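# Inside the fold
Here is what each chain is made of, one letter per residue.
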Amino acid sequence: LRSLLVVPIHARTSLLGTVAIFRRTRRRFRPDELALLQSIADQVGVALENARLYEAERRRAADLERLNQLKTDFVATISHELRTPMTVVKTSYEALLRDWERLSDARRLEYLRVGRTGADRLRRLLENLLLVSGIEDDRVQLRLGPVAVPSIVDEVVAQVADHQSRPIESALPDDLPLVRADRARLGDVLSSL
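What counts as what
Residue numbers restart at each chain and count upward from 1, following the sequence in its written direction. Local features in this predicted model are restricted to residues whose pLDDT is 70 or higher, and side-chain atom pairs enter the listing and the counts only when it is 80 or higher, whereas totals over whole chains, interfaces and linings include all residues. Remark: hydrogens and water are excluded; side-chain values derive from all non-hydrogen atoms of the structure. In DSSP terms, a helix is any run of H or I states spanning at least four residues, a strand is any run of E spanning at least two, and both are numbered starting from the N terminus. It is over C-alpha atoms that the radius of gyration is taken, and the globule rule equals 2.2 Å times the number of residues to the power 0.38. Relative accessibility under 20% of the residue-type maximum defines a buried residue, over 50% an exposed one, and the middle range a partly exposed one, all with a 1.4 Å probe and only protein chains included. In this description, contact between two residues means that some pair of their heavy atoms is separated by no more than 4.5 Å. All tallies of charge rest on Lys and Arg as positive and Asp and Glu as negative; His and the ends of each chain are not included. In plain terms, the charge of a residue is placed at NZ if it is Lys, CZ if Arg, CG if Asp and CD if Glu. Working definition of a nonpolar core: buried Ala, Val, Leu, Ile, Met, Phe, Trp, Tyr and Cys residues. They are joined through side-chain atoms within 4.5 Å. Note that patches include only residues with greater than 30% relative accessible area and no salt bridge, and the join distances are 9 Å for like charges and 5 Å for nonpolar side chains (Val, Leu, Ile, Met, Phe, Trp, Tyr). In short, Shrake-Rupley with a 1.4 Å probe defines the accessible areas, and a residue's cover is counted only from the protein chains shown. Any carboxyl oxygen of Asp or Glu that lies within 4 Å of a side-chain nitrogen of Lys or Arg is treated as forming a salt bridge with it. Two N or O atoms form a polar contact when they lie within 3.5 Å of each other; inside protein one atom must be a possible hydrogen donor and the other a possible acceptor, and for residues adjacent in sequence the pair counts only when both atoms belong to side chains. Two aromatic rings from Phe, Tyr or Trp, using only the six-membered ring of Trp, form a pair when their centres are within 6.5 Å; if the ring planes differ by under 30 degrees the pair is stacked, by over 60 it is edge-to-face, and anything between is tilted. Only when the NZ atom of a Lys or the CZ atom of an Arg is both within 6 Å of the ring centre and within 35 degrees of the ring normal do we say a charge sits over the ring.

Looking only at helices and strands, one finds four helices and four strands in the protein chain. When the helices and strands of the protein chain are placed in sequence order, the string is β-β-α-α-β-α-β-α. Relative to a compact globule of 193 residues, whose C-alpha radius of gyration would be 16 Å, the protein chain shows 34 Å and is clearly more extended. Relative to its full complement of 193 residues, the protein chain shows a buried share of 21%. Once local pairs closer than 6 in sequence are excluded, the contacts in the protein chain between residues at least 24 apart make up 56%. Averaging the positions of the 31 positive and the 28 negative side-chain charges in the protein chain gives two centres separated by 11 Å.

Okay, here's the thing in C-alpha cells:
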C-alpha cells in the first residue's frame, strides 16, 4: 500500500472507529475526496448511534413489558391474598348476624374468633404491603444492632402461638452468634414466616 486516507467515525462526542481508503499507488488525496469520505463516516456514525439507541430502546421496552407483567402478577396475587381473609371475616360475621338467635354462646364465640383471625391476617398483609412500599421509597429506616436470634425467635413464637390452635415450637442451637439486624424488622419477618 502506497497511499492511505483515514477519517474518524464519531457518534456525538465519542469516537467509534475509522474509515480508511487504501491505494496501491502513491497519490495525494484531494480535499473533495477527504470531504466525501468524512461525510460517509459521519453518516456511518449516525447510523451506528441510531442502532445503539434503537437497541437501548428495545431493551427498555422489554424491561417495561416485564415490569408490567410483574405488576399484573403482583396485583393478582395481592387481590387473592386479601380476598381470602376478607372472605373469612365476612362469612363469619354474616353467619353471626343471620343466626345470632339460634347460635349457642360457644358457637358465637367461635365465629368471632374466626373473624378476628381473618381480620388479623388481613391487617398483617396490609402492614407488609406498607412496609414494602416504605422500603422502596426509603422511608423505612433500619436500626441495626446486635440481636440475639434465640430470644427474638422465642418472643415471636410466643406471640404467634397465642393466635393458633396448634402448638408451635422452635429449636435452635445454643451457640448461635449475635447477628447485626433491626430487631423489630427481624421480628416482623419471623412472624410472617
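We now examine the nonpolar core. Grouped together as the largest cluster of nonpolar side chains are seven residues: Leu-5, Val-7, Ile-9, Val-19, Phe-29, Leu-37 and Ala-41. Counting only elements with at least two residues in this core, the list comes to strand S1 (3–11) and helix H1 (31–99). No other element matches S1, which puts three residues into this core. Every residue in contact with Val-19, bar those within four places of it in the chain, is listed here: Leu-5, Val-6, Val-7, Ile-9, Leu-37 and Ala-41.

Let us look at a nonpolar patch on the surface. A cluster of nonpolar side chains, contributed by Leu-16, Leu-36, Ile-40, Val-44 and Leu-48, occupies part of the molecular surface with about 410 Å² of accessible area. No other element matches H1, which puts four residues into the nonpolar patch. Mapped onto the secondary structure, Leu-16 falls in strand S2 (residues 14–23). The class of Leu-16 is partly exposed, set by a relative accessible area of 43%.

As a further point, take the environment of Asp-182. Tracing the backbone shows Asp-182 in strand S4 (residues 179–182). Sequence separation between Asp-182 and Leu-144 is 38 residues; the distance between their C-alpha atoms is 4.6 Å. Apart from residues lying up to four places away in sequence, Asp-182 is in contact with Gln-141, Leu-142, Arg-143 and Leu-144. Separated by 2.7 Å, the side chain of Asp-182 and the backbone nitrogen of Arg-143 make a polar contact.

Bringing the packing of aromatic side chains into the picture now. Following the criterion strictly, the structure yields zero aromatic pairs and no others. The cationic tip of Arg-107 hangs over the ring face of Tyr-111; the distance from NZ or CZ to the ring centre is 4.8 Å.

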